[in-house]
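The chain contents come next:
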Amino acid sequence: TGVHTYAAVDLGASSGRVMVGRVGADSLELGEAHRFPNRPVRLAEGLRWDVLALYGGVLDGLRAAGPVDSVGLDGWGVDYGLLDADGALLGNPVHYRDARTEGVAEKVWATVPAARLYAATGVQYAPFNTLYQLVAARSSVQLAQARRLLLIPDLLSYWLTGEQGTELTNASTTQLIDPRTRTWSYALAERLGVDLGLFGPLRRPGDPAGVLRPEVLRETGLAGPVPVTAVGSHDTASAVAAVPATGERFAYICTGTWSLAGLELAAPVLTEESRAANFTNELGLDGTVRYLRNIMGLWLLQECQRVWGGPDLETLLREAGAVPSLRSVVDAGDAAFLAPGRMPERIAAACRASGQPVPTTRAEVTRCILDSLALAHRRAVEDARRLADRPVDVVHLVGGGTRNALLCQLTADACGLPVMAGPAEAAALGNVLVQARAHGLVGDLAEMRRLISRTQPPVRYEPRGDDARWRAAEARLAPR
Ligand code: LFR
């Protein structure tokens, strides 16, 4: 038959999943084989990922997926595991929300000023960029013993295949890649004492990345050989590849734990203005640049839900829908919300500090979060199109947040543009299609997107035309 089957492993900050994509000449179907929680663990030494549990989830998922033509892995950016000279993992990978990077960026800037760092890498300031994590770990025993550094999806890929590499889209989140040459920024690494020899050879989406080891075949019940194919292993790169845009004048927002909002460009924007607006130039498929801003995203709500004992989202959203809109807003782009804990209090404090009504009930806090996210989406889309000097007619929302209809509508209202919402599993779809393409099934990025828009049509939300209210709300936030 002409239908091929691909397993897409997609690791998010709160859950991982193994999805199965079936791709034919003009068909694309996605199903879920297995979903498992990703629960970070707080140890005395800090916040860590339970990466062995994730690997166990991946094996369970591959077993549930059944026969596949190839496997691809994507996950969140910046974080990594270290291997010793025997290839064994050294310790538990550190979570990007861990406090070890506090104050580290400032130290780095004393050696390489922030402006030069941006000119060389195009990467936004975030305390957790791999570069800052490596500087924070500089005198650690583990780093001294490490012979290899593998980003999280590359680490799991290594465990599946025995082969080591560094996939480019995710490498671009390290702040050690030059977005113009699309290879390592050797001079910068040397200046900051980062050993680039720790990284495995670069590979690009579509490159072969090994085959499942015999032990893995036995554990999953799969019959070999099963190739692993490099995809856009940064989850955001895979999600952007799956934006079902039919034209060129679109902005995208990948919504999940984070909101990543911006444009797809042919070249990086490295201006000082762009740096001040904290836009990043991460690498995408086929020579593209993901020009975007990180917004705290549904993390704000997830953290509140945790404090509230896990009320279900449906109920919260229904209640929030009944609360008056735009009473109080916070800056959802503010890194002050990065760390876990006490989120309702921190949001209340931010409202108080900016002289707005303090949300107290769950419904009010939820409303404040959704309004604030929509407002941050508006700012990001506006800033991106101004800084990159590109017209935008439509905003594509993809990722888990598209299941939140209120967020979709508010984003359309805030941006004053139609929003096309979906697919929710964009990262897995981008992952599947890059594998399919490597095996000759689909054409270029535009064709991949047409296939997605035909087979997983997005839902359209029209803006309700209250721009003045959003502008007024924006004025209550600190200028960016
Ligand atoms: C989204 C994401 C973002 C990245 C953040 C930390 O899952 O990959 O793109 O900034 O997680 O890695």
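Residues numbered from 1 in each chain as written. Predicted model: local features only at pLDDT ≥ 70, side-chain atom pairs only at ≥ 80, totals over all residues.

Another point: the UniProt feature "domain: Carbohydrate kinase FGGY N-terminal" (unreviewed entry) in the protein chain. Cross-referencing UniProt, the feature "domain: Carbohydrate kinase FGGY N-terminal" (unreviewed entry) maps to residues 69–240 in the present numbering. Helix makes up 35% of residues 69–240 and strand 17%, whereas the separation of the span's terminal C-alpha atoms amounts to 23 Å. (UniProt positions renumbered as here; feature names shortened; annotations may be inferred. Helix = DSSP H or I, 4+ residues; strand = E, 2+ residues; numbered from the N terminus.)

Buried residues dominate strand 16 (residues 259–265), accounting for 6 of its 7 residues. Relative to strand 16, strand 15 (residues 250–255) runs antiparallel, the two sharing 4 bridges. The partner of Cys254 across the bridge, within strand 16, is Leu260. What sits between the antiparallel neighbours strand 15 and strand 16 is a turn of 3 residues. Judged from the 7 bridges that link them, strand 16 and strand 18 (residues 289–295) form a sheet pairing that is antiparallel. The residue of strand 18 that forms the bridge with Ala261 is Arg293. (Buried ≥ 20, exposed ≤ 12 C-beta atoms within 10 Å, placed from the backbone. Pairing = 2+ DSSP bridges.)

Moving on, we get to the site of the ligand. Near the ligand there are 13 residues, and of these Trp76, Gly77, Val78, Thr236 and Trp258 occur at the shortest range. Residue classes in the shell around the ligand are distributed as 6 nonpolar, 6 polar and 1 charged. (Near = placed C-beta within 6 Å. Nonpolar A, V, L, I, M, F, W, Y, C, P; charged D, E, K, R; others polar.)

A separate point is the environment of Asp86. If you trace the backbone, Asp86 turns up in the loop between strand 7 (80–83) and helix 2 (104–111). You can call Asp86 exposed: it has 6 C-beta atoms within 10 Å. For the pair Asp86 and Asp69, spaced 17 residues apart in sequence, the C-alpha separation works out to 31 Å.

One finds Ala7 and Leu300 to be the most contacted residues of the largest nonpolar core, which totals 147 residues. Element by element, the count of residues in this core is highest for helix 15 (residues 362–388), at 13 residues. (Core = buried A, V, L, I, M, F, W, Y, C linked by C-beta atoms within 7 Å.)

Direction vectors running N to C along helix 15 and helix 19 (residues 467–475) enclose 95°, while the axes themselves pass 11 Å from each other. The angle between helix 15 and helix 19 falls in the class roughly perpendicular. In this structure, helix 15 contributes Leu375, Arg378 and Arg379 to the contact, and helix 19 contributes Trp470, Ala473 and Glu474. Per-class residue counts for the contact of helix 15 with helix 19 are 3 nonpolar, no polar and 3 charged. (Axes fitted to C-alpha atoms, helices over the stretch in contact; angles between N-to-C directions. Parallel < 35°, antiparallel > 145°, perpendicular 65-115°, else oblique. Contact = placed C-beta atoms within 7 Å.)

This part takes up the confidence of the model for the protein chain. Across the protein chain, pLDDT averages 97, with 100% of residues at or above 70. Scored as a whole, the predicted complex attains pTM 0.98, and scored at its interfaces, ipTM 0.97. (pLDDT = per-residue confidence, 0-100.)

This part is about the UniProt feature "domain: Carbohydrate kinase FGGY C-terminal" (unreviewed entry) in the protein chain. Under the UniProt annotation, "domain: Carbohydrate kinase FGGY C-terminal" (unreviewed entry) lies at residues 251–438. Along residues 251–438, the helical share is 45% and the strand share 16%, with 27 Å between the first and last C-alpha atoms.

Spatial strand order, 17-18-16-15-19-20-21: 7 strands in an open sheet with mixed pairing. Looking at the sheet topology across the chains shown, the edges are occupied by strand 17 (280–283) and strand 21 (459–461). Ignoring strand direction, the axes of neighbouring strands in this sheet form an average angle of 30°. Here strand 20 (residues 419–421) runs beside strand 21; their pairing, made up of 3 bridges, is antiparallel.

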